[in-house]
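Chain by chain, the residues run as shown.
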Amino acid sequence: MADPVARDRVEWLREQINYHNYRYHVLDSPEISDAQFDALMQELRTLEAQHPELVTPESPTQRVGAAPVEAFGVIDHPVPLLSLGNVFNREELLAWHRRVTGLLDGRAFDMVCELKMDGLAVALVYEGGRLATGATRGDGYHGEEITQNLRTIKSIPLVIQGAAPRRFEVRGEVFLTKAGFEQLNQERARQGLPLYANPRNSGAGSVRQLDPRITAARPLDIFVYALGWAEDGAGMPATHWETLGFLKDLGFRVNPLSVRLGSIEEVASFCEEWVERRHTLPYEADGVVVKVDNLGYQQQLGVVGREPRWAVAYKFPAIQGTTRLLDIGINVGRTGSLNPYAILKPVQVSGVTIRHAALHNEEDILRKDIRIGDVVIVQRAGEVIPEVVGPVVSRRTGQEREFRLPEGCPVCETPILRPAGEAMARCPNRACPAQGLELLKHFVSRGAMDIEGMGQALCAALLERGLVKDVADIYYLTAEQLEALVMGQNKRTGNDIAVGQKRAGNAISAIEQSKARPLASILFALGIRHVGGETAELLAQRFGSLAALAAASEADLMQVEGIGPKVAASIAAYFSDEENLRIVEKLRQAGVALEAAPTAPRATPLQGLEFVFTGRLERFTRTGAESLVKELGANASSNVTRKTSYVVAGEEPGSKADRARQLGAKVLSEEEFLHLLEEAGVKG
Ligand code: IVH
């Protein structure tokens, strides 16, 4: 007979743990710290060890993974799991909509758009409110029984919240987040195991493990997107959108980015928007699934073969391709870092020809076991430079060569340094021409001193002729010098004298104008290691002048929130170098502003909030409103995310406002925004 006190406590602990687990893994909104959560788990484990008769399969302690099996059992799917027809562009999507409209005799219908997760489809059966079985999609009619593996995924409820049908099946996609994937690959690299090429393969591989303990150790997640079937399901929702809400209420994780839209134009815009924005997602999505919302209409439309007529997948263009790695080149960066890059047999990936791709550093190349001559997977992700994901080992011929960095800098031949604990090898020669050029290009670039008309060719020519030896020298250039140089360049292109004079004159005035750039710009432009645009902004706000920053100790620097020991050490090192101080002095003498303008942001009630503006505002332009909140210490962004605090919606606000409501951000009218500004002490 179990001890009633222990039983009560165990039950209480399980309720608490399930609740906090739900807050953390399903809602992404924890209420207690990890340590507090661990303490609850620890107490439960101890009690269960003392009272083994109290252990049940639904106990949160049982998510660690049961004993391995020889092979998976088979589960029949009473209602088959369908697949989806694909469309690849707006025209095809519109054609799908026309067909459906025709089949519905011209009636209008709402559609639900959901991101199409790139993972493994699963079906979860609940009986009496408890997870009974979980299976893969398999061929749609029979899947593999992987209940023990699915139990280890914390966002899958083992026990349902609230009233639910006696038996029902929920469908969803199990996936690894991008961060989880990185973490998994790092772990594999440490163990000397081959790396996974992408989150999808590794996610699917993680779930289909014969040993559930392996699954338990992987950071898997799920989004559920359908109710497969339900017994005793009287009073079930009549639309897909309501079904998603119903599943959410039962405690399932439903993607908060889904929307219900009334017109196919809105649907098309949603799909196209996500083609670009998908790179900002923490997981991989390979398209948008568009579904007819009305379940009655779904019935009426039916299925052809394996594909329902009532849904379609708008597929994103592929972001990966394979090609041959012809060689590995090395760029010398502005701080002397040696950056290897891939020279590829040109390959088309989502409409763009890729010839070069990032390889990060030597360690990364060795870790991924990328060899010269390999067939490699290349990937384009967002705006960033394409990267080499890894080799296709099965296509090796034995002719491939391992890569090693040279002993000397490829440009100036100075022996390279490999600082302990740093992945990047560096050329220590400050006079290395490659570094000089990169630093100068950086100095004049947008975001730094933003000097228009000083392109790569002009920078290179200035250094070559010895007219510029360090970045401060550009402020001492004369119009004559520049003219002579520009004319030299122009001779080749056959331009006349007047054009040359004009270009030189423009460059001189752009250089002159740049003297008044904000302090953050100059701090960034100097090219101090580890000081990017954001850090420069922080430093400018905190220190107010270059002199104050130069005088700060490492300890002072570390007081600034967002500045860690590595950055602090780098800044201190920069300003203890005579040569750097000489350059700063030259900048000062040339009249470059080295102090912040007096309008430093005040501490205001808006500090740290994030705003998104959408729609037409009456009293502000969008940029005007954005700079206003920035002045008040808040951030402005164009994307609605979990970090968004307020969405200010003007006329015709579009989908951002809907997104905000789903994510729980507050939506303000322009009136309410003005009110908020007043509270923050600003006259509207
Ligand atoms: S609906 C007709 N919704 O895509 C209903 N599927 O080809 C078919 N998938 O492997 C499924 N995210 O697991 C649906 N939001 C979503 C989805 C989704 C990913 C997967 C699904 C299956 C494939 C369908």
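Rules behind the numbers
- Residues numbered from 1 in each chain as written.
- Predicted model: local features only at pLDDT ≥ 70, side-chain atom pairs only at ≥ 80, totals over all residues.
- Heavy atoms only, no water.
- Helix = DSSP H or I, 4+ residues; strand = E, 2+ residues; numbered from the N terminus.
- Buried < 20%, exposed > 50% of the residue type's maximum accessible area, 1.4 Å probe, protein only.
- Contact = heavy atoms within 4.5 Å.
- Pairing = 2+ DSSP bridges.
- Phe/Tyr/Trp six-rings, centres within 6.5 Å; stacked < 30°, edge-to-face > 60°.
- Lys NZ or Arg CZ within 6 Å of the ring centre and 35° of its normal.
- Salt bridge = Lys/Arg side-chain N within 4 Å of Asp/Glu carboxyl O.
- Arc of directions from axis to C-beta.
- Near = heavy atom within 4 Å.
- Polar contact = N/O pair within 3.5 Å; in protein donor to acceptor, adjacent residues only side chain to side chain.
- Nonpolar A, V, L, I, M, F, W, Y, C, P; charged D, E, K, R; others polar.
- Axes fitted to C-alpha atoms, helices over the stretch in contact; angles between N-to-C directions.
- Parallel < 35°, antiparallel > 145°, perpendicular 65-115°, else oblique.
- Left-handed = near helix turned anticlockwise from the far one by under 90°.
- Core = buried A, V, L, I, M, F, W, Y, C linked by side-chain atoms within 4.5 Å.
- Patch = residues over 30% accessible without salt bridge, like charges linked within 9 Å, V, L, I, M, F, W, Y side chains within 5 Å.
- Areas by Shrake-Rupley, 256 points an atom, 1.4 Å probe, with all protein chains shown as cover.
- Lys, Arg positive; Asp, Glu negative; His and termini not counted.
- Charge placed at Lys NZ, Arg CZ, Asp CG, Glu CD.

Draft legend 1. Focus on the overall build of the protein. Scanning the protein from terminus to terminus reveals 24 helices and 22 strands. Here the C-alpha coordinates of the protein stretch approximately 90 × 65 × 60 Å along the principal axes. The burial tally for the protein puts 47% of its 684 residues in the buried class. Considering only contacts in the protein between residues 6 or more positions apart, those separated by 24 or more positions represent 67%.

Draft legend 2. Broad picture of the pairing of strand E10 (residues 285-292). Counting buried positions over the eight residues of E10 gives eight, a clear majority of the element. Bridge count for strand E3 (residues 111-117) against E10 is seven bridges, and the pairing is antiparallel. Each residue of the ladder has a partner; that of Met-117, found in E10, is Ala-285. As judged from the five bridges shared by E10 and strand E13 (residues 311-315), these two strands associate in the antiparallel manner. The residue of E13 that forms the bridge with Val-288 is Tyr-314.

Draft legend 3. How the structure looks around the packing of aromatic side chains. Enumeration according to the criterion identifies 13 aromatic pairs in this entry. On the basis of an interplanar angle of 75° and a centroid distance of 5.3 Å, the ring pair of Phe-613 and Phe-673 is categorised as edge-to-face. Of this pair, Phe-613 sits in strand E19 (residues 610-614) while Phe-673 is found in helix H24 (residues 670-679), placing the two residues 60 residues apart along the sequence. Residue Phe-613 shares its accessibility class with Phe-673, and that shared class is buried. Three or more aromatic residues joined by ring pairs form one cluster here, namely Phe-611, Phe-613, Phe-620, Tyr-646 and Phe-673. A cation sits over an aromatic face here: Arg-277 above Trp-274, 4.5 Å from the ring centre. Sitting over the ring of Phe-543, Arg-542 keeps its end group 5.0 Å from the ring centre.

Draft legend 4. Looking closely at the pattern of salt bridges. Enumeration over the complete set of coordinates arrives at 37 salt bridges. Between Arg-208 and Glu-144 there is a salt bridge, with its nearest N and O atoms 2.8 Å apart. Of the two residues, Arg-208 sits in the loop between helix H6 (199-207) and helix H7 (212-216) while Glu-144 sits in strand E6 (residues 142-145), which places them 64 residues apart along the sequence. Glu-144 sits in the partly exposed class, given a relative accessible area of 23%. Arg-616 is the partner of Glu-652 in a salt bridge, and the nearest nitrogen-oxygen pair spans 4.0 Å. Taken as a pair, Glu-652 in the loop between strand E21 (646-649) and helix H23 (655-663) and Arg-616 in the loop between E19 and helix H22 (622-631) lie far apart in primary sequence, 36 residues in all. Given a relative accessible area of 64%, Glu-652 falls into the exposed group. Residues joined in a network through salt bridges with shared partners are Asp-470, Asp-473, Glu-579, Arg-582 and Lys-586.

Draft legend 5. Expanded view of helix H17 (residues 533-543). By the burial criterion, the buried members of H17 are Thr-535, Ala-536, Leu-539, Ala-540 and Phe-543. Taken down its axis, H17 places every buried residue within 135° of arc, on the same side. Buried residues in H17 make contact with helix H16 (519-525), helix H18 (546-551), helix H19 (554-558) and helix H20 (565-575).

Draft legend 6. Highlighting the site of the ligand. Residues in contact with the ligand amount to 14 residues; listed here are only the nearest, Glu-114, Ala-121, Glu-173, Tyr-225 and Lys-291. Within the backbone of Met-117, a nitrogen or oxygen atom sits 3.1 Å from a nitrogen atom of the ligand. Contacts to the ligand include Lys-291, whose side-chain N or O atom sits 3.0 Å from a nitrogen atom. For the shell around the ligand, the secondary structure elements donating two or more residues are E3 and E10. Taken together, the residues of the shell around the ligand sort by class into nine nonpolar, one polar and four charged.

Draft legend 7. Up close: the packing of helix H12 (residues 433-444) against helix H13 (residues 456-464). One can describe the packing of H12 onto H13 by two numbers: an axis separation of 10 Å at closest approach and a directional angle of 130°. Classified by the interaxial angle, the pair formed by H12 and H13 is oblique. Handedness of the H12/H13 crossing: right-handed. Every residue of H13 that contacts H12 at Gly-436, Leu-437, Leu-440, Lys-441 and Val-444 is listed here: Gln-456, Cys-459, Ala-460 and Leu-463. For the contact of H12 with H13, the per-class residue count stands at six nonpolar, two polar and one charged.

Draft legend 8. Structural context of the environment of Arg-200. By the element assignment, Arg-200 lies in helix H6. Owing to a relative accessible area of 34%, Arg-200 belongs among the partly exposed residues under this scheme. Residues in contact with Arg-200, not counting those within four places in the same chain, are Asp-118 and Gly-119.

Draft legend 9. Quick look at unusual backbone geometry. Located in the positive-phi region is Glu-413, a residue other than glycine, with phi close to 70°. The topology assignment puts Glu-413 in the loop between strand E18 (387-391) and H12.

Draft legend 10. Representation of the nonpolar core in the model. Residues Phe-443, Ile-474 and Tyr-475 are the most contacted members of the largest nonpolar core, which totals 55 residues. Per-element tally for this core: the top contributor is H16, with six residues. What Phe-443 contacts, discounting residues up to four positions off in sequence, is Ala-448, Met-449, Asp-450, Val-471, Ile-474, Tyr-475, Ile-522, Ala-525, Leu-526 and Leu-587.

Draft legend 11. Inspection of the environment of Arg-98 at higher detail. Structurally, the position occupied by Arg-98 is in helix H3 (residues 90-103). It is 39 Å that separates the C-alpha atoms of Arg-98 and Gly-205, two residues lying 107 residues apart in sequence.

Draft legend 12. Looking closely at a negative patch on the surface. Negative charge collects at one region of the surface, where Asp-3, Asp-8, Glu-11, Glu-15 and Glu-53 lie side by side. Tracing the chain through its elements places Glu-11 in helix H1 (residues 4-26).

Draft legend 13. Examining the environment of Tyr-196 more closely. Structurally, the position occupied by Tyr-196 is in the loop between helix H5 (178-190) and H6. In the structure, Tyr-196 is positioned 172 residues away from Lys-368 in sequence and 9.4 Å away in space, judged by C-alpha atoms. Residues in contact with Tyr-196, not counting those within four places in the same chain, are Phe-181, Leu-184, Asn-185, Arg-188, Ser-202 and Arg-218.

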